2 protein chains.
Amino acid sequence: MQNKKVAVVLSGCGVFDGTEIFEATLTLLRLDQLNCNVQCFAPDIMQHHVLDHRTGDLMPEQRNVLTEAARINRGNVHALAEANANDFDALIIPGGFGVAKNLSTFAFSGTDCEVNAEFSRLVQQFHQQKKPIGMICIAPTLLPKILGPGVSCTIGHDAATAGKIDEMGGLHIGCDVDNIVIDYEHKVITTPAYMEATRISEAAVGISKLVDKVIDLS
Amino acid sequence: MQNKKVAVVLSGCGVFDGTEIFEATLTLLRLDQLNCNVQCFAPDIMQHHVLDHRTGDLMPEQRNVLTEAARINRGNVHALAEANANDFDALIIPGGFGVAKNLSTFAFSGTDCEVNAEFSRLVQQFHQQKKPIGMICIAPTLLPKILGPGVSCTIGHDAATAGKIDEMGGLHIGCDVDNIVIDYEHKVITTPAYMEATRISEAAVGISKLVDKVIDLS
């Protein structure tokens, strides 16, 4: 029985302007099956925008990332500013456009993107403490900006996104949806999930492997 | 390999004013693992209200049930009015307060509640065609109103809610979170999920059993 403490960072609620809900749920499910103690966090900032998920249309309203993220985990999400690596054994970040729109500007600025300072600080803190970091779907694109050049990671097989990771100093490695890429030196584990998945059961396989390896290395 | 066609009815996005996200995700995961073809539906109506899931406070805004439900399933949700039992082998309804606030008025009117007419019509249609119906968490409370007296079902062990089911003409049967209640005569399968669950892995066990039995009876 493991009782590892794991921080999970969310970035809203819904794939197109926040956290990918299935990826977050599958992450939390596997962590719970491994008897981990989990705390979710999200930045207390406004979303970049709000999209109608059926039509893709911009909705004329504003929503808070932390408030919306709380919908996923039944209300139990803390402000990202309160997160401290000292309190945890590992960190996991599910994907969704929220990572590229709210936790960073990657969706708009690509290789010139900026990363949310609180988020960057937290990832660096886990890295400095040699604690494992799992990143899912589009999230690995931020690794070179946060940890500097030389981190191996995957977003699957999308050549354009992979090229941007390499351009920023990362080492992209192609990977199928049911697998993970492990950078043992940096203790970074990544999986493509919905960068490649065509159905939820596919995403579940890779995410479960990622969670298992993150806990194994913690 | 099964290729059963299953309709899933959502009622928003978030446990306190819509669909319980984990319950919906776990339902869709298990259906996909069983190779089912799934279509999600939600009513094109305004939510009863919008709650801040961290604080429980009422938020001064309005949201559409169908638009918000689309966040869960990556945009792929159709209007409930388009749902027809002729096109499907089975029906499943995850829980969350959306069932008691948007699909009905049970949260406010209890045993005097009214059920959304489109939703009631769809459930009755599946019942008339002798196709299995799975209801999760708080959703079974609506069965007596929709199908009339005599349906056996569970919401777990909550005496007050169980009493209301019996008062409306249902036959409540106590059930643990990792189990299901099967009414073979009515082809109705129910499980408590977050009416009893204290963690996501508990909800997953009961929901997986429910989905397996729904597909088995279809």
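- The name an unreviewed UniProt entry assigns to chain A is Glyoxalase, from the organism Oceanospirillum multiglobuliferum.

Let's talk about the pairing of strand β9 (residues 188-191) of chain A
All names here are of chain A.
Moving on, step 1. Side chains V188 and T190 of β9 all project onto a buried face; the interleaved residues I189 and T191 project onto the opposite face, where all are buried too.
Moving on, step 2. In this sheet, β9 lies alongside strand β5 (residues 133-136) in parallel orientation, the contact comprising four bridges. Pairing of I133 across the sheet is with V188, part of β9.
Moving on, step 3. Here strand β8 (residues 181-183) runs beside β9; their pairing, made up of three bridges, is antiparallel.

Some remarks on the environment of L29(A)
Moving on, step 1. Among the structural elements, L29(A) can be located in helix α1 (residues 21-33).
Moving on, step 2. Judged by its relative accessible area of 8%, L29(A) is buried.
Moving on, step 3. Each residue touching L29(A), except ones within four places of it in the same chain, is listed here: L26(B), L29(B), I200(B), S201(B) and A204(B).

Some thoughts on the environment of D178(A)
All names here are of chain A.
Moving on, step 1. Among the structural elements, D178 can be located in the loop between β7 (171-172) and β8.
Moving on, step 2. Overall, the relative accessible area of 36% leaves D178 in the partly exposed class.
Moving on, step 3. Separated by 47 residues in sequence, D178 and K131 have C-alpha atoms that sit 24 Å apart.

Re the pairing of strand β4 (residues 90-93) of chain A
Residue and element names in this part refer to chain A.
Moving on, step 1. Of the two faces of β4, both are covered, the one formed by A90 and I92 as well as the one formed by L91 and I93.
Moving on, step 2. In the sheet, β4 pairs with β5 via three bridges, with the strands oriented parallel. Its bridge partner being in β5, I92 is matched across the sheet by G134.

Thoughts on the sheet that holds strand β1 (residues 5-9) of chain B
All names here are of chain B.
Moving on, step 1. In spatial order, the strands read β3-β2-β1-β4-β5-β9-β8; together these seven strands make up an open sheet with mixed pairing. Of all strands in the sheet, those bounded by a partner on one side alone are β3 (77-79) and β8 (181-183). Strand-to-strand twist in this sheet, taken as the mean axis angle between neighbours without regard to direction, amounts to 25°.
Moving on, step 2. As paired strands, strand β2 (residues 37-42) and β3 are joined by three bridges and run parallel to one another. If you follow F41 over to β3, its bridge partner there is H78.
Moving on, step 3. Sitting on the sheet, helix α8 (residues 200-216) is in contact with β1, β4 (90-93), β5 (133-136), β8 and β9 (188-191), with an inclination near 175° to β9.

About the cut-offs
Residues numbered from 1 in each chain as written. Chains lettered and ligands numbered in written order. Predicted model: local features only at pLDDT ≥ 70, side-chain atom pairs only at ≥ 80, totals over all residues. Heavy atoms only, no water. Buried < 20%, exposed > 50% of the residue type's maximum accessible area, 1.4 Å probe, protein only. Helix = DSSP H or I, 4+ residues; strand = E, 2+ residues; numbered from the N terminus. Pairing = 2+ DSSP bridges. Contact = heavy atoms within 4.5 Å. Axes fitted to C-alpha atoms, helices over the stretch in contact; angles between N-to-C directions.

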